[in-house]
Amino acid sequence: MTEKSGRINLGLEGVLVLSAMSAFGGAYLTGSPWLGVLSGACAGALLATLHGVLCSLPRVNDVATGIALMLLGTGLAFYLGKPLIQPQAPQIPAIPLGGWSSSSVVQSALQINALLPIGIALAVGLWWAFARTRWGLLVRLAGDSANATRALGYSVSGIRIAATAAGGFMAGLGGASLTLFYPGSWNEGISSGQGLIAVALVIFARWSPLRCVGAAMLFGGAGAIGPAMQSVGIGWGYHLFNTVPYVLTLVILVLTCKPGSVAVGSPGELSSTR
């Protein structure tokens, strides 16, 4: 959503960590996991909005601002979240898909996060909106040509701030799933770089919401290799298997991002981001 408007947010890691802490704290204080999810999404939107506003100022670099806000978001989360390391918060309910089996192992393995169908619905909705709705076309126009957007009388900064805030809100849902479903607790290493992996995932998916679903499944599967090997008794190389998502990220970026060329599907303004 953010990059479609022509702005890159490398502060997504900070958004993810801050929203994860806010979601856990919101659920712990209110006793409702869904109010926690809303708290996390709003925290993500606020930090992303700050990024959007700062980047709309003259002579402000998107990349440098994103890195600064990544440090701000993680720092705030670690500082404000210290009292939340020990307590337990209500968890998002799981959707059981293994009722057809009498095996408790199968039933446990086929419990999915209730936020998963929401995420898939958002991906389908964005795919449709970018192609069929006025605001979706405006977001794409701002991402492809700022001059054309201004010529039509629209505010490029306004569109990008709104798109960045919306992207932060959706990223906040991802942060909430970390602390309210899996692993279901708050600690300072909860994200493990997944925010930066998400940025690479969007590039790999060529800025297509539907392809992002498939890419997320690929990265999720890569991240599950380590725990899966350990669960069947293979302890050797456990930490090595945990590096698979990061190695995959580097390999994909090397294979898909060639110097001097613009990736297919890339918003035109991303190549001129300063």
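Just so it is clear, the model here is predicted, and its values are computed rather than measured.

### What to know about the UniProt feature "transmembrane region" (unreviewed entry) in the protein
Then comes step 1: As annotated in UniProt, the feature "transmembrane region" (unreviewed entry) corresponds to residues 12-29, 35-56, 63-81, 110-130, 151-170, 190-208, 215-238 and 244-264 in the numbering used here.
Then comes step 2: Secondary structure content for residues 12-29 is 100% helix and 0% strand, while the C-alpha to C-alpha distance between its ends is 25 Å.
Then comes step 3: Secondary structure across residues 151-170 divides into 80% helix and 0% strand, with the first and last C-alpha atoms of the span separated by 30 Å.

### Overview of the environment of Leu16
Then comes step 1: Structurally, the position occupied by Leu16 is in helix α1 (residues 12-30).
Then comes step 2: When its relative accessible area of 11% is taken as the criterion, Leu16 is described as buried.
Then comes step 3: Put simply, Leu16 and Val60 are 44 residues apart on the chain and 23 Å apart in space, counted from C-alpha to C-alpha.
Then comes step 4: Ignoring anything within four residues of it in the chain, the contact list for Leu16 reads Ala171, Gly174, Gly175, Leu178, Ser191, Gln194 and Gly195.

### Quick notes on the side chain of Asn9
Then comes step 1: Within the fold, Asn9 resides in the segment before α1.
Then comes step 2: By relative accessible area, which is 8% here, Asn9 ends up buried.
Then comes step 3: Polar contacts involving the side chain of Asn9 include one to the main-chain amide nitrogen of Gly11, which spans 2.9 Å.
Then comes step 4: Residues contacting Asn9, with those up to four places away along its chain left out, are Thr2, Val15, Ala48, His51, Gly66, Thr164 and Val199.

### Focus on helix α5 (residues 115-132)
Then comes step 1: Across its 18 residues, α5 extends 25 Å between first and last C-alpha, which sits within 8% of the 26 Å expected from 1.5 Å per residue.
Then comes step 2: For α5, the complete set of buried residues consists of Leu115, Ala123, Leu126, Ala129 and Phe130. Along the axis of α5, the buried residues cluster in a sector spanning 135°; they form a single face. Among the exposed residues of α5, those pointing more than 90 degrees away from its buried face are Ala121 and Arg132.

### What to know about the nonpolar core
Then comes step 1: Among the nonpolar cores identified, the biggest contains 33 residues, and Met21, Phe24, Val37, Ala77, Ile92, Leu180 and Trp186 are the most heavily contacted of them.
Then comes step 2: Listed by contribution, the elements that provide at least two residues to this core are α1, α2 (33-55), α3 (62-80), α8 (156-180) and α9 (194-204).
Then comes step 3: It is α1 that provides the largest number of residues to this core, a total of ten residues.

### Side note on the packing of aromatic side chains
Then comes step 1: All told, the structure shown has one aromatic pair when counted by the stated rule.
Then comes step 2: Ring geometry for Phe204 and Phe219: centres 6.5 Å apart, planes at 70°, overall edge-to-face. You can see Phe204 sitting in helix α9 and its partner Phe219 sitting in helix α10 (residues 209-231), a full 15 residues away along the chain.
Then comes step 3: Looking at Phe204, the relative accessible area reads 29%, which means it is partly exposed.

### Examining the pattern of salt bridges
Then comes step 1: Enumeration according to the criterion identifies three salt bridges in this entry.
Then comes step 2: When the shortest N-O distance is used, the salt bridge between Arg7 and Asp62 registers 3.7 Å. Taken together, the positions of Arg7 in the segment before α1 and Asp62 in helix α3 put the pair 55 residues apart, joining distant regions of the chain.
Then comes step 3: Residue classification places Asp62 among the buried residues on the basis of a relative accessible area of 5%.
Then comes step 4: The closest approach of N and O atoms between Glu269 and Arg160, which form a salt bridge, is 3.6 Å. In this pair, Glu269 sits in the segment after α12 (244-256) while Arg160 sits in helix α8, placing the two residues 109 residues apart along the sequence. Grouping residues by exposure puts Glu269 and Arg160 together as buried.

### Structural notes on unusual backbone geometry
Then comes step 1: For Arg59, which is not a glycine, the phi torsion comes out positive at approximately 60°.
Then comes step 2: Along the chain, Arg59 falls in the loop between α2 and α3.
Then comes step 3: On the basis of relative accessible area, Arg59 is assigned to the exposed category, the value being 84%.
Then comes step 4: One non-glycine residue, Trp207, lies in positive phi territory at about 60°.
Then comes step 5: Within the secondary structure, Trp207 sits in the loop between α9 and α10.

### Comments concerning a nonpolar patch on the surface
Then comes step 1: Among the surface-exposed residues, Leu50, Leu54, Leu57, Leu72, Leu76, Tyr79 and Leu80 lie close enough to one another that they form a single nonpolar patch of about 620 Å² accessible area.
Then comes step 2: Mapped onto the nonpolar patch, the elements with two or more residues apiece are α2 and α3.
Then comes step 3: When residues of the nonpolar patch are assigned to their parent elements, the largest contribution, four residues, is made by α3.
Then comes step 4: Inspection of the secondary structure puts Leu72 in helix α3.

Conventions we followed
Residue numbering note: each chain is counted from 1, following its sequence as written. Local features in a predicted model are, by the rule used here, given only for residues with pLDDT of at least 70; side-chain atom pairs are given and counted only at 80 or more, and totals for whole chains, interfaces and linings are based on all residues. In computing side-chain values, all of the structure's heavy atoms are included and hydrogens and water are not. UniProt positions are given in the numbering used here, feature names are shortened, and annotations may be inferred rather than shown by experiment. The helix and strand labels rest on DSSP assignments: H or I over at least four residues marks a helix, E over at least two residues marks a strand, and numbering proceeds from the N terminus. Residue burial is assigned from relative accessible area. The probe radius is 1.4 Å, only protein chains are included, and a residue is buried under 20% of its type maximum, exposed over 50%, and partly exposed in between. We call two residues contacting when some pair of their heavy atoms lies within 4.5 Å. What qualifies as a polar contact is a pair of N or O atoms within 3.5 Å, subject to a donor-acceptor requirement within protein and to the restriction that residues adjacent in sequence count only when both atoms come from side chains. By this rule, a helix spans an expected 1.5 Å times one less than how many residues it contains. What the arc measures is the spread of directions leading from the helix axis to the C-beta atoms. We define the nonpolar core as a collection of buried residues of types Ala, Val, Leu, Ile, Met, Phe, Trp, Tyr and Cys that are connected through side-chain atoms lying within 4.5 Å of one another. Stacked, edge-to-face and tilted are the three classes for Phe, Tyr and Trp ring pairs, Trp counted by its six-membered ring, which pair at centre distances within 6.5 Å; planes under 30 degrees apart are stacked, over 60 edge-to-face, the rest tilted. Within this document, salt bridges are pairs made up of a side-chain nitrogen of Lys or Arg and a carboxyl oxygen of Asp or Glu, the two lying within 4 Å of each other. Patch membership is restricted to residues that have no salt bridge and whose relative accessible area is over 30%. Joining uses 9 Å for like charges and 5 Å for the nonpolar side chains Val, Leu, Ile, Met, Phe, Trp and Tyr. Calculation of accessible area relied on Shrake-Rupley with a 1.4 Å probe; when residues are assessed, cover is drawn exclusively from the protein chains displayed.

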